[in-house]
2 protein chains.
Amino acid sequence: MAKITEYSKEELQKLEKELLAEYDQYVKAGLKLDMSRGKPAPAQLDLSNGMFDILDGYETENGLDARNYGVLDGIPEMKQLFSDCFGIPTNQIIVGGNASLNLMFDAMMRLMVFGTEGNTPWGRLDKVKFLCPSPGYDRHFGITERLGIEMITIPMTEDGPDMDMVEKLVAEDASIKGIWCVPKFSNPQGICYSDETVKRLAAMKTAAPDFRIFWDNAYGVHPIFEDVKILDILEEAKAAGNPNRPLYFASTSKITFPGAGVSMVAASEEMIEEIKGVMTYQTIGHDKLNQLRHVKFFKNAEGLKAHMAKLADTMKPKFEMVLKILDAELADTGLLTWTSPKGGYFVAVDTLEGCAKETVRLVKEAGVVMTGAGATYPYKKDPKDTNIRIAPSYPTVDELEKAMKIFCVCVKLAGVQKLLAE
Amino acid sequence: MAKITEYSKEELQKLEKELLAEYDQYVKAGLKLDMSRGKPAPAQLDLSNGMFDILDGYETENGLDARNYGVLDGIPEMKQLFSDCFGIPTNQIIVGGNASLNLMFDAMMRLMVFGTEGNTPWGRLDKVKFLCPSPGYDRHFGITERLGIEMITIPMTEDGPDMDMVEKLVAEDASIKGIWCVPKFSNPQGICYSDETVKRLAAMKTAAPDFRIFWDNAYGVHPIFEDVKILDILEEAKAAGNPNRPLYFASTSKITFPGAGVSMVAASEEMIEEIKGVMTYQTIGHDKLNQLRHVKFFKNAEGLKAHMAKLADTMKPKFEMVLKILDAELADTGLLTWTSPKGGYFVAVDTLEGCAKETVRLVKEAGVVMTGAGATYPYKKDPKDTNIRIAPSYPTVDELEKAMKIFCVCVKLAGVQKLLAE
């Protein structure tokens, strides 16, 4: 295929005409599809329907009544399941409610109101800044922005955040209090942090004594094509003399039910005590019956992994379809670059500069709602307006095929029109 | 029965000897019973076991998949159920997670970090104070204390908090930002706020523009002997021109499962919008399957009320036993006064001044753990050391009979020893 970016004006005009005609056909066909979020498909959720009536009792393994009050930090068998899945000792785990997002928000609120390790609460400081590797997860940036924390965009490399930049900034500026990380199959690029990246994050010198790594391992057990082993940030931070630096989050939202999962926060034993010191005023305990439901359904980490393999089987044809169509329609056109993730929930693409918003707008006019362009950057502002997140999980493979064809026409149309305007 | 408080020294010494002998028998018998919390008994929880496998589908009435992401403020049918039970319009209700305590904590944290109606966030003020009608609920006072908010004890009358004192304080002091209220079958006295009390709370002039009533209607549908109608604080506040003043909390913790219930916060439409404005960053939505489970189990408010009648049947013999033994052992002795609540979870008693701690200590030595004396007051300090909370729900009637006999001996012993020491 010839690079469209090298077309003459006449060639571009001709192509624009063809694309407009094709686009019009799609608009007329009137597809209606929402691909805006990384929402699991009904077929994925069906794999967990066994949880509906799995409860044949309500006693935990240590004889507690899971229906009643008590157990602040989770029933032992749920801690064990998380422990086995993520390789974290049970005494460094607190089991939360139905979503890890809530645990991250709570962690941030605790830091705002109470601070950590005796340092000034962040809410009492004039200025607090956070590092935001981008493209990244919009809900992380949303929490930070809502709290009035200044966000600093850090470019992503294929090994994770640009660590030279991270190290320089945190060493100089004590108002930089933390960093958001999705270390495995990152949202949206599917990037896995290299060992060196994890080690540098764990060991780097920070001007702020209360610097915190928000380690959102949302896709820790979510390989699709191939699993990738990521270094354990808790161990690395401990070895580097910064045991209290990471707050490690995970959940079963994308394992069982997004609306009714079980979440986890892990940290050093000292931080676990600090968290519990506030949490004990916040709740008497999270939903233990749902914890028990999860344990009875999976039995153990092996059971959970077998379940994840089934989920991967549902995801594989979708990712393959996305990548196949991108390849067929846009390879070597010069109009789009993309990643081929080994797991996770997304495919991230980059258009020509200044074309992402227009592409998403065109796609929407043709009936397909994608994640808003810019959403993957702090303040929803993608500096180059290139990044688009494709979320293939919810549609069927057939729907996805249609949606991706529309998407490719729109990428071309926006690209060609931009080239013509230059 | 002659008043023991009028005994001669010789009579007291003789009685002390008899009581010590009786007490020794109880210590030797070695009963083990935890009555420290208002924990429902297994027999109460059994009444909700039907919820374990009630889910025969996962669609909400408006066709949403309750397993998946979404629905920030609760599924429509759960809002409707709360609406019908508490007489609050659905658009003034947000459904929460498994506990209203968590919603109260969150509300307090929002006020600390974000403030309300554009006022300075409480966490940025030098001094914040809260009114604490006492005896009251220890977990309310716990949240307040943990946040460094100064607590002011307000005496309870049989109509609710001492409103003359409340009105005077809030009119004078702008640093007084709120009040904790358990308006119906209050914890621990079972007091129901009079219409006048509710109206005065709703209408009183407060120096603080952002004064908030934390209205914890924990026992709103929990009559045992007789239901009592309490005025609706939301309506009264609106009528008085202070619509945003009350934050109204409730949950099914003591309706279905304390560990796996569904909670609610209600407020003016303006406050609901304000809450959602933060909540949308905190969570994508609470556990909708558990909401659906509750709705399918109860069907409607009538179903819930029928369930509450069954629960009342399990509580009635326990409250009767407590009151019968108190009456038989301590009526007219001058050593103890108590309330006879019409519903709720507790019976509150008052010993002679300075005898509550010693009574609870003696009872504990004999194997029965009661709520710590003082726990029902701010900073765990009962100024006169008289108040003890009896929580009859968890033990069986037989266990309760034994425990109450021990309790009565200890009340007498502590009382007699105090009289002898004077």
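Refer to the structure printed above.
The rules behind each value
- Residues numbered from 1 in each chain as written.
- Chains lettered and ligands numbered in written order.
- Predicted model: local features only at pLDDT ≥ 70, side-chain atom pairs only at ≥ 80, totals over all residues.
- Heavy atoms only, no water.
- Phe/Tyr/Trp six-rings, centres within 6.5 Å; stacked < 30°, edge-to-face > 60°.
- Helix = DSSP H or I, 4+ residues; strand = E, 2+ residues; numbered from the N terminus.
- Buried < 20%, exposed > 50% of the residue type's maximum accessible area, 1.4 Å probe, protein only.
- Lys NZ or Arg CZ within 6 Å of the ring centre and 35° of its normal.
- Least-squares fit on C-alpha atoms with pLDDT ≥ 70 in both.
- Contact = heavy atoms within 4.5 Å.
- Expected span 1.5 Å × (residues − 1).
- Pairing = 2+ DSSP bridges.
- Axes fitted to C-alpha atoms, helices over the stretch in contact; angles between N-to-C directions.
- Buried area = accessible area lost by both parts, 1.4 Å probe.
- Salt bridge = Lys/Arg side-chain N within 4 Å of Asp/Glu carboxyl O.
- Polar contact = N/O pair within 3.5 Å; in protein donor to acceptor, adjacent residues only side chain to side chain.
- Parallel < 35°, antiparallel > 145°, perpendicular 65-115°, else oblique.
- Left-handed = near helix turned anticlockwise from the far one by under 90°.

K.L.:
Can you walk me through the packing of aromatic side chains in this structure?
P.N.:
Under the criterion given, the structure shown has 28 aromatic pairs over all chains. With a centroid separation of 5.7 Å and an interplanar angle of 25°, the aromatic rings of F214 of chain A and F249 of chain A are classed as stacked. With a gap of 35 residues between them, F214 of chain A in strand β7 (residues 212-216) and F249 of chain A in strand β8 (residues 246-251) connect regions that are remote in the sequence. Just as F214 of chain A is buried, F249 of chain A falls in that class too. One aromatic cluster is present, formed by W122, F130, W180, F214 and F249 of chain A through successive ring pairs. R146 of chain B extends its terminal NZ or CZ atom over the ring of F114 of chain A, reaching a point 4.5 Å from the ring centre.

K.L.:
Looking at this model, I keep getting lost on the relation of the copies chain A and chain B. Mind explaining?
P.N.:
Think of it as a corkscrew move, a rotation about one axis and a shift along it, taking one chain copy to the other. Least-squares fitting of chain A to chain B yields an RMSD of 0.0 Å, with the transformation described by 0.0 Å of translation along the axis and a rotation of 180°. Such a turn and shift between the copies fits a two-fold axis. When C-alpha positions in chain A are compared against the rotation axis, the closest is assigned to D53 of chain A, at 2.2 Å. Comparing interface residues between copies, 100% of those in chain A also lie at the interface in chain B; the contact surface is shared.

K.L.:
Would you take a moment to explain helix α9 (residues 269-282) of chain A for this structure?
P.N.:
Counting along an α-helix, one turn takes 3.6 residues, and residues three or four places apart therefore face a common direction. The end-to-end C-alpha distance of α9 of chain A, which contains 14 residues, comes to 20 Å, matching closely the 20 Å that a straight helix rising 1.5 Å per residue would cover. Of all the residues in α9 of chain A, the buried ones are M271, I272, I275, V278, M279 and Q282 of chain A.

K.L.:
Any chance you could explain unusual backbone geometry here in plain terms?
P.N.:
Excluding glycine, residues mostly have negative phi values, and the peptide bonds linking residues are mostly trans. Of note, the bond from S134 of chain A into P135 of chain A is cis; its omega dihedral lies within 30 degrees of zero at 5°. Along the chain, the position of P135 of chain A falls in the loop between β3 (129-134) and α5 (138-146). One non-glycine residue, F185 of chain A, lies in the positive phi region at around 45°. Tracing the backbone shows F185 of chain A in the loop between β6 (176-181) and α7 (195-203). Even without a glycine there, the phi angle at E117 of chain B is positive, about 50°. On the secondary structure map, E117 of chain B appears in the loop between α4 (100-113) and β3 (129-134).

K.L.:
How should I be thinking about the sheet that holds strand β13 (residues 387-390) of chain A in this particular structure?
P.N.:
Strand-to-strand pairing in sheets goes through backbone hydrogen bonds, with the strands running parallel or antiparallel. Residues and elements named next belong to chain A. The strand order across the open sheet formed by three strands is β10-β11-β13, and the pairing between neighbours is antiparallel. With one partner strand each, in any of the chains shown, β10 (336-338) and β13 form the two edges of the open sheet. Strand-to-strand twist of the sheet, defined as the mean angle between neighbouring strand axes without regard to direction, takes the value 25°. Where β10 meets strand β11 (residues 347-351), three bridges bridge the pair, whose relative direction is antiparallel. If you follow T337 over to β11, its bridge partner there is D350. Sheet strands touched by helix α11 (residues 301-330): β10, β11 and β13. Its angle to β10, the strand with the most contacts, is close to 150°. Against the sheet, helix α13 (residues 397-421) makes contact with β10, β11 and β13, and its axis sits at roughly 175° relative to β13, the strand it touches most.

K.L.:
Which parts of the structure should I look at to understand the interface of chain A and chain B?
P.N.:
Interface extent is often summarised as the accessible area lost during association of the parts. Facing the 57 residues of chain A at the interface are 57 residues of chain B. Between chain A and chain B lies a buried interface of about 4,900 Å² when both sides are counted; carbon and sulfur atoms form 57% of it. When the area that chain A buries against chain B is broken down by residue, the three leading residues are F52, R67 and Y69 of chain A, summing to 16%. For D46 of chain B, the salt bridge goes to R67 of chain A, with nearest N and O atoms at 2.7 Å. In this assembly, chain A and chain B are joined by 20 residue pairs in polar contact (both at pLDDT 80 or more).

K.L.:
Help me out: how do you make sense of the pattern of salt bridges in this one?
P.N.:
Once their charged atoms are close, side chains differing in charge can pair, the charge on each being opposite to the other. Applying the stated criterion to the full structure yields 43 salt bridges over all chains. Residue R200 of chain A pairs with E167 of chain A through a salt bridge whose shortest N-O separation is 2.8 Å. One end of the pair, R200 of chain A, is in helix α7; the other, E167 of chain A, is in helix α6 (residues 163-172), with 33 residues separating them in the sequence. E167 of chain A sits in the partly exposed class, given a relative accessible area of 25%. In this structure, the salt-bridge partner of E117 of chain B is R212 of chain B, at a minimum N-O distance of 2.8 Å. Highlighted residues: E117 of chain B in the loop between α4 and β3 and R212 of chain B in strand β7 (residues 212-216), separated in sequence by 95 residues. Judged by relative accessible area, R212 of chain B falls into the buried class, the value being 2%.

K.L.:
What's the story with the packing of α11 of chain A against α13 of chain A in this structure? I'm lost.
P.N.:
For any two helices packed against each other, the geometry is given by the interaxial angle and the distance between the axes. Residue and element names in this part refer to chain A. Viewed as axis vectors pointing N to C, α11 and α13 meet at an angle of 30°, and their least axial separation amounts to 9 Å. One finds that α11 runs roughly parallel with respect to α13. Considering how the two elements wind past one another, α11 and α13 form a crossing that is right-handed. Contacts from P317, K318, M321, V322, I325, L326, E329 and L330 in α11 reach V397, L400, E401, M404, K405, F407, C408, V411 and K412 in α13.

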